[in-house]
Amino acid sequence: EAQPATGEIVSSVRIFRRTLSTGSNNGGATIEAGGIGEVCTSPNHQRRGLSKILLKNAIDIMSTSCDGVGVTSGKDSGGMSCSLLHANPEFRPVYNKVGGYESVPSK
């Protein structure tokens, strides 16, 4: 059931714009990437799918925009080449289900 708006931020996701190098300084190319981070929902509002909605919106924004905030640059409007998500291992199943992210454990 919908609740009245209070102006309180109850869930958030942040998109970080990153430029990744694909090789050495001599001839290596760069690609634009979006990093997803700071995914959180207030404990009083969890288990309602809010983070899932925001993650899907973040993925849509990154796939259609070059700067990660819904504004395309003049040189390319095809979206970011890839997105990255660094998360605590206990949350991997959530992100795999929501965004199709493949999680690889760090060593």
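Higher on the page you've got the structure.
Definitions and cut-offs
- Residues numbered from 1 in each chain as written.
- Predicted model: local features only at pLDDT ≥ 70, side-chain atom pairs only at ≥ 80, totals over all residues.
- Heavy atoms only, no water.
- Helix = DSSP H or I, 4+ residues; strand = E, 2+ residues; numbered from the N terminus.
- Buried < 20%, exposed > 50% of the residue type's maximum accessible area, 1.4 Å probe, protein only.
- Contact = heavy atoms within 4.5 Å.
- Areas by Shrake-Rupley, 256 points an atom, 1.4 Å probe, with all protein chains shown as cover.
- Pairing = 2+ DSSP bridges.
- Axes fitted to C-alpha atoms, helices over the stretch in contact; angles between N-to-C directions.
- Core = buried A, V, L, I, M, F, W, Y, C linked by side-chain atoms within 4.5 Å.

### So, the overall build of the chain
The number of helices and strands found in the chain is two helices and three strands. Listed N to C, the secondary structure of the chain is β-β-α-β-α in terms of helices and strands. Looking at the chain residue by residue over its 107 residues, the buried ones come to 21%. Taking all contacts inside the chain whose residues are at least 6 apart in sequence as the whole, residues at least 24 apart take part in 45%. Taken as a whole, the chain presents about 7700 Å² of accessible surface, with 50% of it coming from carbon and sulfur.

### Examining the sheet that holds strand E1 (residues 11-21)
Pairing is mixed across the open sheet formed by three strands, whose spatial order is E1-E2-E3. Of all strands in the sheet, those bounded by a partner on one side alone are E1 and strand E3 (82-85). Between one strand axis and the next, the sheet turns through 30 degrees on average, direction left out of account. Relative to strand E2 (residues 30-41), E1 runs antiparallel, the two sharing 10 bridges. Across the sheet, the residue bridging to Ser 12 is Cys 40, located in E2.

### Looking at the nonpolar core
Ile 36, Leu 55, Ala 58, Met 62, Met 80, Tyr 95 and Val 98 form the largest nonpolar core, which has seven residues in total. Going through the elements one at a time, helix H1 (50-64) and helix H2 (92-99) are the ones with two or more residues in this core. At three residues, H1 tops the list of elements feeding residues into this core. Discounting residues that sit within four places of it in the chain, Leu 55 has contacts with Val 13, Ile 36, Val 39, Tyr 95 and Val 98.

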